[in-house]
Amino acid sequence: FKMFKIKVISADGDKVNVQIPVEFAKIALTSGKGFMKFDQIDDLNLDIDAILEMIESGMLGELVDVESADGDIVKIVIE
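This text gives an overview of the structure that appears in the document. (Residues numbered from 1 in each chain as written. Predicted model: local features only at pLDDT ≥ 70, side-chain atom pairs only at ≥ 80, totals over all residues. Heavy atoms only, no water.)

## Examining the nonpolar core
Nonpolar side chains tend toward joint burial in soluble globular proteins.
Okay, step 1: Ranked by internal contacts, the top residues of the largest apolar core, which has 18 residues, are Phe4, Leu29, Ile51, Ile55, Leu63 and Ile76.
Okay, step 2: Secondary-structure elements contributing two or more residues to this core are strand 1 (3-9), strand 2 (15-21), helix 1 (22-30), helix 3 (48-56), strand 3 (61-67) and strand 4 (73-78).
Okay, step 3: Counting residues per element, this core draws most heavily on helix 3, at four residues. (Core = buried A, V, L, I, M, F, W, Y, C linked by side-chain atoms within 4.5 Å. Buried < 20%, exposed > 50% of the residue type's maximum accessible area, 1.4 Å probe, protein only. Helix = DSSP H or I, 4+ residues; strand = E, 2+ residues; numbered from the N terminus.)

Next up, the structure:
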């Protein structure tokens, strides 16, 4: 089964790695985005609807690869 992976490396040195099944990610993203409560992600104002569309279309690989001006790195991958 496919996995939804989020990797956050903050400029302060904090690291977050989340790996959940894609089907759970679709439910969580649709029902309020509650599990994505990381300051680095919230600050980027990611288009959750666009991410959901990519997941629904069956896209694999890196969906998001962002480095903010503060040096925070956020990657979202489907594998």
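## Description of the environment of Glu67
Okay, step 1: Take Glu67: it is sitting in strand 3.
Okay, step 2: Judged by its relative accessible area of 58%, Glu67 is exposed.
Okay, step 3: Discounting chain neighbours no more than four positions away, the residues touching Glu67 are Asp72 and Ile73. (Contact = heavy atoms within 4.5 Å.)

On their own, these measurements won't tell you what the molecule is for.
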